[in-house]
Amino acid sequence: MSAPAVEMKQDKKLDSDKEKITGWVNVIRNNASWSWVSLPSLFLVWMLVAIPFESYILPQPWEVADEAWNEMMFPTVSEVMDDDGEITIIPEADRPSVWKFIAKGEPSNALAHLFRGELWPHVGWSLLEEVGGFGAAIIFSVLFGFLAGFFKGFREYIVPLNGLFMAIPPIAWAPLMVIIFGLGYTTIVIVIFISAVNPMILTIMEGVLQIQGQEVRAARVLGARKWQLFLYVYLPASLPFVTAALRIGFSQAWRALVAAEMIGASVGLGYMVQTAGEVGNSRLVLLGITMIGLFSYLFERTLFRPIEKRYEVWRLE
Amino acid sequence: MTKGNHIGGDNLVIEDLNFAYSNNLKIFEKLNIDVKPGEFLAVLGPSGCGKTTFLNLLAGFYQPDSGTSQLRGEAITPEDPHLGYIFQAANLFPWLNTIENVEFGLRMTGMGPEKRREIALKNLEMVGLKGFEEFLPNKLSGGMRQRASIARALCLEPHLLLMDEPFSALDEILRDKMNDELLQLWDQLGQTIVFITHSIEEAIYLSDRILVLARPPGGIYKEVINKLPRPRDLRETKSSELFWEYKKELNNLIQEVQAQAPLDESEIAELELGAKNG
């Protein structure tokens, strides 16, 4: 070891200079990814396609961005119901807006109207429903997935049921749930749960079955008792496919959520898209779609990627 | 390599052991083996004669249909702290780094983190892996992984070491080196070792006694007492006449076993499958 170390020291200066150059070349060569093109190209196509259309039919991206700004920031009171139940549409010029308050020189009123947009309740309720349905699905699928992985009898019992439920599009349950529970939170959560829990159970079960018998035997001869096997072998070994199950479950739940809200809700991103479509507000529809995609992406980046990174290191090639 | 403390070995007795995977796939009939404390026993046999099955029975992974296998007069279970098992693949836990792997057995006993780290470090040093504590198994070479797995087994100070072709995945030069190191360790620690191999030379170089397994159903075909002097040196040993006499004798024995009513392919497949599923 000592001889090469001396050599290394002598060449260190030279190497470090070389490394600086080749290092950057490699950074470019290895990291030259085309992924940055995908989103701009999508916007470009959108812009081109939208050119021949009137703005109220297919708006340009920036018009949707403008809509997003308004929906996030300002309450848009466009209709007022008077005491007789008659609806009056307020002309755009008379609607309250931050800009008008600023123009009028009433900054406190302007502040009071910030972040008061109608988008937030939709986003908030959708996220709450996702947390409820997906959260319940995590608890059930981890429990049943591990049980099915460990016990042959339970596996034989539950796999046909998973198959059956996965063959039925989850949205088909929505009308029934509306009849039983009415419009709202419970209905949506149940539909999400049904859609997420079945593929999650199957993924975790397959993973438990794949845990190498050799690792378990190695732990046993090192004196690991049953609960220790579970805690120190099955649990860490299961991290990769539990993450895979979370991913699958989350996206299944999120899709089902949007679909279910179109049928069985009075608030939420799906409901927003649905009602905006009914009144022909294409900007709001596109905003809803963008938000649905955006949250999916955010969860992927902030939740699943970091977990995956943790076990990528030790996975054998 | 640093010196380890003497551990000593236990007496292993196998009596009238019968084992079958199924009615038409009997592996052992009336198997009787007595391994003295501190003896280095090598078990030889062509593939498909149940070498791994034999070791799995010894370790208690499989239950014999009848008969007993006892360590110091007690039936062996895999969890027995006096038992160490070195697998063909190192079977390190890929999510733990080297030192955590080596500590694993001690951790299972509930030993505190500082004490077990100290013992693990000592054993890691003994197998020549000092400085690799923080490496994950996928960053170690095949030989280093196997060294780590030996250190992991030695931490619990087992009195009986079962080794299932531990170096068969390594190239020949490394394998000779590992065998030398194993002999040195055994010389210091003095455990009973049962070493499975399909290499005749490896068996002769290492052992005090060599068992040649018969075709199933059966047991031991022949036993050869190895009188090569110790301490052994690979070059010296291999240049001695006795070494080549043993080699010739064992070669003939293996040929004879292979000439016995051979298993057909499907039976061998079933045997290997059974060994894996256990």
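Because the structure is a prediction, the values reported are computed rather than measured. In this convention, every chain numbers its residues from 1, walking through the sequence in written order. As a convention, the first chain written is A and the first ligand written is 1, with the rest following in written order. Selection of residues for local features in this predicted model requires a pLDDT of at least 70, selection of side-chain atom pairs for listing and counting requires 80 or more, and totals for whole chains, interfaces and linings are taken over all residues. Side-chain numbers here rest on the full set of heavy atoms in the structure, without hydrogens or water.

A look at the sheet that holds strand E4 (residues 66-71) of chain B
Residue and element names in this part refer to chain B. What counts here: Strands pair, by our definition, only if DSSP identifies at least two bridges between them. Strands here are runs of E lasting at least two residues and helices are runs of H or I lasting at least four, both read from the DSSP assignment and numbered beginning at the N terminus. Any pair of residues with heavy atoms lying within 4.5 Å of one another is described as a contacting pair. A fitted line through C-alpha atoms represents every axis, and for helices the fit uses only the stretch in contact; the resulting angles, taken between N-to-C directions, go from 0 to 180 degrees.
Spatial strand order, E2-E1-E4-E5: four strands in an open sheet with antiparallel pairing. Each edge of the sheet is formed by a strand with only one pairing partner; in this case those strands are strand E2 (25-35) and strand E5 (74-75). Summarising the sheet, strand E1 (residues 12-22) and E4 pair through five bridges and their orientation is antiparallel. Residue pairing in the sheet places Asn18 in a bridge with Ser66 of E4. Along the sheet, helix H1 (residues 51-59) makes contact with E1, E2 and E4, crossing E1 at roughly 120°.

As for the interface of chain A and chain B
Selection criterion: Two parts placed together each lose some accessible area under a 1.4 Å probe, and adding up what both lose gives the buried area. Put simply, a salt bridge is a Lys or Arg side-chain nitrogen that is within 4 Å of an Asp or Glu carboxyl oxygen. A 3.5 Å cut-off defines polar contacts: any pair of N or O atoms within that distance qualifies, except that in protein one atom must be a possible hydrogen donor and the other a possible acceptor, and neighbouring residues in sequence count only when both atoms are side-chain atoms. Put simply, Ala, Val, Leu, Ile, Met, Phe, Trp, Tyr, Cys and Pro go in the nonpolar bin, Asp, Glu, Lys and Arg in the charged bin, and everything else, Gly too, in the polar bin.
Taken together, the contact pairs 21 residues of chain A with 23 residues of chain B. Approximately 2300 Å² of surface area, both sides summed, lies buried where chain A meets chain B, with 63% of it carried by carbon and sulfur atoms. Interface area lost by chain A to chain B is led by A:Arg217, A:Val221 and A:Leu222, which between them contribute 33%. If you look at where chain A meets chain B, you find one salt bridge. Across the pair A:Arg220 and B:Glu79 runs a salt bridge, and its minimum N-O distance is 2.9 Å. Where chain A packs against chain B, one counts four residue pairs in polar contact (both at pLDDT 80 or more). Going through the elements one at a time, helix H10 (213-221) and helix H11 (226-264) of chain A are the ones with two or more residues in the side of chain A that touches chain B. The leading source of residues in the side of chain A that touches chain B is H10(A), at seven residues. When the residues that make up the side of chain A that touches chain B are grouped by side-chain class, the tally is twelve nonpolar, three polar and six charged.

With respect to the pattern of salt bridges
Residue and element names in this part refer to chain A. Going through the model one piece at a time under the given rule, you end up with 17 salt bridges over all chains. Residue Lys152 pairs with Glu156 through a salt bridge whose shortest N-O separation is 3.3 Å. Highlighted residues: Lys152 and Glu156, both in helix H7 (residues 152-167), separated by four residues, approximately one helical turn. With its nearest N and O atoms 2.8 Å apart, the salt bridge here joins Glu308 to Arg247. Of this pair, Glu308 sits in helix H13 (residues 282-312) while Arg247 sits in helix H11; the two residues are 61 residues apart in sequence, bridging distant segments of the chain.

Notes on the side chain of B:Ser149
Considering the arrangement of structural elements, one finds B:Ser149 in helix H4 (residues 142-154). Filtering out sequence-adjacent residues up to four positions away, B:Ser149 remains in contact with B:Ile86, B:Ala90 and B:Leu92.

Some points on the environment of B:Val212
Residues and elements named next belong to chain B. Here is the rule we go by: In this scheme, a residue with accessible area under 20% of its type's maximum is buried, one over 50% is exposed, and one in between is partly exposed, where area comes from a 1.4 Å probe on protein chains only.
Locating Val212 in the fold gives a position in strand E9 (residues 209-213). For Val212, a relative accessible area of 0% translates into the label buried. For the pair Val212 and Ala42, spaced 170 residues apart in the sequence, the C-alpha separation amounts to 8.6 Å. In contact with Val212, not counting residues within four places along its chain, are Leu44, Ile220, Tyr221, Lys222, Leu250, Leu253, Ile254 and Val257.

Overview of a nonpolar patch on the surface
Residues and elements named next belong to chain A. The condition that has to hold: Within this analysis, patches are made of residues with over 30% relative accessible area and no salt bridge. Like charges are joined at 9 Å or less; nonpolar side chains (Val, Leu, Ile, Met, Phe, Trp, Tyr) at 5 Å or less. Per-residue accessibility takes into account occlusion by the displayed protein chains alone, with areas from the Shrake-Rupley method and a 1.4 Å probe.
On the surface, Leu143, Leu147, Phe150, Phe151, Trp227, Phe230, Leu231 and Leu235 cluster together into a nonpolar patch covering about 720 Å² of accessible area. For the nonpolar patch, the secondary-structure elements that each account for two or more residues are helix H6 (119-150) and H11. With four residues, H11 is the single largest residue contributor to the nonpolar patch. As for its position among the elements, Phe150 is in helix H6. Owing to a relative accessible area of 31%, Phe150 belongs among the partly exposed residues under this scheme.

Everything listed here is a matter of geometry and, on its own, says nothing about what the molecule does.
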